[in-house]
Every structure is written in structure tokens, then in C-alpha cells.
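Observations on chain architecture
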Amino acid sequence: MAEERHDEAVEALLHEDRSFAPSDTFVAQANVGPDVYAAAAADPEAWWAEQARALEWDTPFTSVLEWEAPFARWFADGTLNASVNCLDRHVAAGRGDKVALHWVGEPEGDRLDITYAELLERTCRAANALEALGVEAGDRVAIYMPMIPEAVVAMLACARIGAPHSVIFGGFSAEALADRITDADARVVITADGGFRRGAASGLKVEVDAALELCPAVTTSLVVRRTGQEVEWVEGRDVWWHDVVDAQAPIHEAKAFPAEHPLYIMYTSGTTAKPKGIFHTTGGYLTHTSTTHRMVFDIKPESDVCWTSADIGWVTGHSYIVYGPLANGVTQVMYEGTPDAGGKDRWWRIIDEYKVTILYTAPTAIRTFMKWGAELPAGHDLSSLRLLGSVGEPINPEAWMWYRKHIGGDRCPIVDTWWQTETGGIMITPLPGVTATKPGAAMVPFPGISAEVVDNDGAPVPDGHGGLLVITRPWPGMLRGIWGDPERYAETYWSKFDGLYFAGDGAKKDDDGDLWLLGRVDDVMNVSGHRLSTAEVEHAIVGHPAVAEAAVVGASDDTTGQAIVAFVTLTSSSELHGEDDTEIIASIRAHVADAISPIAKPRQVILTPDLPKTRSGKIMRRLLRDVAENRDLGDVTTLTDPTVVKMIDGLMAAHAEDD
Ligand code: WT7
């Protein structure tokens, strides 16, 4: 279990007295004070309702929560429009000239500032275009785009007309894209010719073209010209954004939708090979994301410049680039490219230039910057920063301290925020100005959120002990289900413990009762903050013609958090064929990139004549993880053939020497 793996390191920290009290600056000016916890705890529903009233409702809600476990409805009789909440109301309040996005393209000098009024106009044109293309409320629209302003516009245009979007990360392969388009039964795909990443133009439309061969129901693909590369064109199906969107009227009368109208679907990996379409609805989600954004990042909309470094293809981009920050009317930086494009100090240049005040990023990025050296940030003026956030995976205390010192100048509080695609928004986090912080701890549930660490029977563990993280009450941003599969929803999240949401993460309470998140306890891996399941990677590998069987584990990795290690047995014919191992391994890795994404390529592929199995035929993944992480193998007597694992261990060691 993931939990056991972290034990030693965490144990040492849990009893170490290192904590940072809220800074005087924050105590003096933070949006909320210590009383917020008691206020929310006294009546969580009333507290959330009060937060929800900060949004603009067409029909105010009277009902707060309807809970027929495990199905929740929040603010169900209210109606609102998410896009109006993110755009129109700021413009109507006279803030139209305020910059919504400082967009920075990867090629140097490629940049654009877009005001709220302009973002509204663009969104209205896109909404009109989607309607002209026949998209109606309730229809799903797939979005497969680079990090360009049109991606935000496309999402808000869908929200405006009540068409749930399904954004698919641009790094996914055609096959993965096709699976997701089919599952949601999307008929329209919004994409671009490509985007700029790692100093080159990548192709996106080419992937869409391949995907659409498998998706005959798709009628339209709407294509933004971003890179100018040549693309194939299917008449009658493909239309250019600049032809159909730019020609539309800049005004669009938005209708209000019920609070429980689906806002979007986001596919994420579960424990099986088939990704889950997590879906979120409108009113509760917008309440949760805007409230957490305002309080966790202590947002001052007049002066803050926020930068969430995630891709909009992941939930972090949805909640903390699009819906939360835009609902709060802040100015943001949105950057298209990789951190080393144009120099390994690209981020620090951007922060200096736009005077970014709040940076929200992932531990894997921080560890990469650590490797590149503290001189790079030191060469730039980062004094505009006032708050730092971390998300996506457990942050190791070393990375936390480095972040604090070299990026935050020992002055900025760090909020380590735990949440998931399923939770919609931040769930466990310190509040700057209120909560002390400890390097590596997400600390406490957000106000109005109830979390516990329980043992295998669902009983809360005492302080100083570890167990499984659960959420004990419904919350506004919670997933409303898995698209098309309510049973899987109930089974995955609500069946382990009666009435408790099972997150899939291990956690500990330290002696003060503060929470430390320890990683997944199921077969979900976290590679550079990307979520992948062992089953889906195995499924991809066994799709390779030379492969008989595969077992995949996530082994800890200094930079990426976890790395994928695959143990593979070949079919006897391919073994006989006597192909070169290196070639087969390369072709297996390429095969995984094609089936899922380059992010799913195993770091290591170990070819082995056999896999360790229990007498009932189950592959012993735990043992393989021990092998992959060089741990003592312990008791192997339950295996059919204990020598197998020793042999694999030997292969692994030989492999390590080759590296
Ligand atoms: C999983 C969810 C949250 C948006 C991005 C990832 C891990 C996330 C933390 C954190 C420790 C974390 C968990 C969780 N995780 N944040 N601050 N500390 N672990 O969303 O792809 O749905 O992944 O990411 O294991 O279950 P996701």
C-alpha cells in the first residue's frame, strides 16, 4: 500500500516540530479570520448557501441540499448561467476594461492581453457559432486544444448555451480521444491545427482526424488556426473558427439553467482500464470553486495577478483558471508552453514581467526547478509574489522548503491543497492568515468540508495514526456521478464505507490532528501530477502483438513523484523470433504512447519470462512494487513460484546497472 511506503519518512516528520505561524501581513489583511471555521461548522449548509449567494442567480434558490445518498443536489431550485457569472456581471459592474487574461504564447513575444469585455465578446460570438452549428442545451461538446485563449472561450461558450463540455488534454492520443468522444457521445469537437510546446508546433488536428475515423457520429470539427501548419480538411465536417466564429454577432442573450444542469465532463483514470467521465453541475460547482479560490488564495480582485500553471485539460485548469478565478473577476496569466521554452528561467521572467502575486503549481514542477538550480529564480525579481500554492500530489518537505525560500523569499505562505477531479474544488488546505503551515501537510479541511481518516472498518483513527481519507458530508462541488454509469459511481466512491466518500488516498493525522496526504492506496498512479491507472497502462501494453502479459506498478521517483514500471512477458512466438530486447521495449513504449499518451509511457519495461502470482492466479503487484523500489521482499511464500520474484529482482538490478 502507498501508505506503507511513506511510513518512515513521514513518521520522522510527524513528530518534528516544524511549523510556520500565519504571517502578520496575512493576519492583518486576510479575507477570512479564524472564526470562519466555527461559522461553517455550526451549520455547513447555511454557510455554503451564504457563499452561493455571492453568485448571480436568475432565480434565487430556496432549497440548499437534497441528499439521497450517494446522490446530491445543491441549490436545486435556483437557476443561473456560469458564463454570465464569469463574464457579464463583471462587465455590467463596470470592470469590462480589466484584464482577464495576460496570455503568453510559447514563442517569445507572442502575447495578448484580453479584458473582461473582450472575453465576453469572444464568448458571445463562439456561443452564437455553436448554436448556428446546431449545438443545443444538453449536447456534449469535446474540446481538444492547446493553452490558447480560444480554449477558455470555447469552454465558456459551451457553458453559456448549456452544452456540457468535455475537455480532453491535448497530450492524449487519437485513440484515447476517440474513446472519450464516444463515451460522452459528443457530436462537435473544438480543436486547433496545433499548439506550441517544447519549441515546436505540435499537431492536434491530425489526432482529431484519426480519432474521428472511429467516431462516425461527430458532425463538426471547429478548428482554430494557431500554428499555421498544413492540415487535412474534410469538407462538410471541418470548419475554421475564424470563418464561423468571427462572423457572429458579439452579443448573445444567455439563458439561465437549473443549478443542477451539467456543466462539464472530465475523464479521469480509475482502477480499471476504462476512464471515468466525472461530471459536475453548475451552481454547487461554481460556489465551491469561487469560494475556495477567494479564501484559499486570499484573493484581492483589484490587485492580484494569479497564475495557475495547469493545463485546461485537467480539473485544476477548469476550477482554478476558468471557473473560480473568472467568477471572482481576477486578472490571470495563462501560459501556453513548457517551463524551459526560451530558457529554463521562463516562468521567473513571466512572474517578474506581469508582477504575478499568486502562483499555483505542482510539486513535480517545483522539483524540476530545484534540479535546474536556485540561481535561475534568483536572477529575477519575484517580489510581487505574496502567496504560493501546491496541488496534484504529495509535496515532499524538501520541495516545500525550497519553494518557500527560493520562490517565496521566505515571505509567502504556502497552501498545499488536496483535492481531486471528483471533488471539483479544494477540500483540504491551510487558510493563509488563519492556519499555520507545516512542510508537507495539507493541514485541515476547508470550512464547510468534513473529512476524516479512518481505519479499514471506517472508524476514525486517533491523532498520530494513519488510515484512509474519507469525506463525511456532501459538499457543493462534488461530482454528481460518472457519465452514463451511476452504478460505477456508487460502487467506486460510496460502497467501501457506508455513507462516506472514499477518496482512494492514504492519510495520517499528526499529533496535533493535522492532515498529511500520503498518496493513493488503490491502483491509481500519479506521474508528474498526471493521473493514470495501472490497469489502463497494462491494457495498452497487452494490446502490443508481442506481449502475452503485463503488470504495471507506480514506483516512487525523485522528480515525477511516481514513475511507471512495467513487467512484461512476451508471447512465445515473439520470444522465438529472437528480436532485440531494446527494439521490443522501444516498440512497447511507443505503443503505449499511441494508445493513451506519451505521459503514460513506462519509465522502465522489464522483460521477464514470468510474473509472480498467488495460488489463485492474481499478479502480486505489491511485490513488484517492492522490486521496482528496491525494497526488501519479505515473505513470498504465498506465491506459486517464489523463485520468479527473485529472478525479476535480478533482472531489475541488471537493468539498473545498464542505466
Ligand atoms: C489525486 C487526484 C487536484 C487536482 C489535480 C489532481 C493526489 C492531489 C494533492 C495534495 C497529496 C494530492 C491525490 C488525489 N493529490 N492534490 N495536495 N497532496 N496528494 O487531480 O488527477 O483527480 O488526482 O491527486 O492522490 O487523489 P486528479
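Here the structure is a predicted model, which means the values were calculated and not measured. (Residues numbered from 1 in each chain as written. Predicted model: local features only at pLDDT ≥ 70, side-chain atom pairs only at ≥ 80, totals over all residues. Heavy atoms only, no water.)

**Points about the nonpolar core**
In summary, soluble globular proteins display a tendency toward joint burial of nonpolar side chains. One finds Phe297 and Tyr323 to be the most contacted residues of the largest nonpolar core, which totals 112 residues. The greatest single-element share of this core, amounting to 10 residues, is contributed by helix α7 (residues 149–161). When near neighbours in sequence (up to four residues on either side) are disregarded, Phe297 contacts Thr292, Tyr320, Ile358, Tyr360, Arg386, Leu387, Val415 and Ile426. In terms of nonpolar packing, the next biggest core, distinct from the first, is built from 42 residues, Val218, Ile584, Ile596 and Leu607 among them. (Core = buried A, V, L, I, M, F, W, Y, C linked by side-chain atoms within 4.5 Å. Buried < 20%, exposed > 50% of the residue type's maximum accessible area, 1.4 Å probe, protein only. Helix = DSSP H or I, 4+ residues; strand = E, 2+ residues; numbered from the N terminus. Contact = heavy atoms within 4.5 Å.)

**What to know about the confidence of the model for the chain**
With 95% of its residues at a pLDDT of at least 70, the chain reaches an overall mean of 94. Note that pLDDT drops below 50 for residues 1–5; the model gives that stretch 17 contacts with residues more than four away or on any other chain. (pLDDT = per-residue confidence, 0-100.)

**Brief notes about the environment of Leu359**
Within the element layout of this structure, Leu359 appears in strand β18 (residues 358–361). Along the chain, Leu359 and Trp307 lie 52 residues apart, while their C-alpha atoms are 5.0 Å from each other.

**As for the site of the ligand**
Around the ligand, the surrounding shell holds 17 residues, and the nearest of these are Asp416, Thr417, Thr421, Asp505 and Arg531. In the environment of the ligand, a nitrogen atom lies 3.4 Å from a nitrogen or oxygen atom belonging to the backbone of Pro394. The contact in question runs from an oxygen atom of the ligand to an N or O atom on the side chain of Asp505, over 2.5 Å. Computed on the free molecule, the ligand has an accessible area of 550 Å², of which 95% lies beneath the protein chains in the complex. Mapped by element, the contributors of at least two residues to the shell around the ligand are α12 (315–327), β20 (414–417) and β25 (515–520). (Near = heavy atom within 4 Å. Polar contact = N/O pair within 3.5 Å; in protein donor to acceptor, adjacent residues only side chain to side chain. Areas by Shrake-Rupley, 256 points an atom, 1.4 Å probe, with all protein chains shown as cover.)

**Here we look at the packing of aromatic side chains**
In this structure the tally under the stated criterion is 33 aromatic pairs. Ring geometry for Trp307 versus Tyr335: centroids 6.4 Å apart, planes at 90 degrees, classification edge-to-face. On the criterion of sequence distance, the pair formed by Trp307 in strand β16 (residues 305–308) and Tyr335 in strand β17 (residues 331–335) is long-range, its members being 28 residues apart. The pair Trp307 / Tyr335 is uniform in exposure class, with both members buried. Centre to centre, the rings of Tyr320 and Trp419 are 5.2 Å apart; their planes meet at 85 degrees, and the pair counts as edge-to-face. Residue Tyr320 is found in helix α12, and its partner Trp419 is found in the loop between β20 and β21 (451–454); the two are separated by 99 residues along the sequence. Note on Tyr320: relative accessible area 1%, which makes it buried. (Phe/Tyr/Trp six-rings, centres within 6.5 Å; stacked < 30°, edge-to-face > 60°.)

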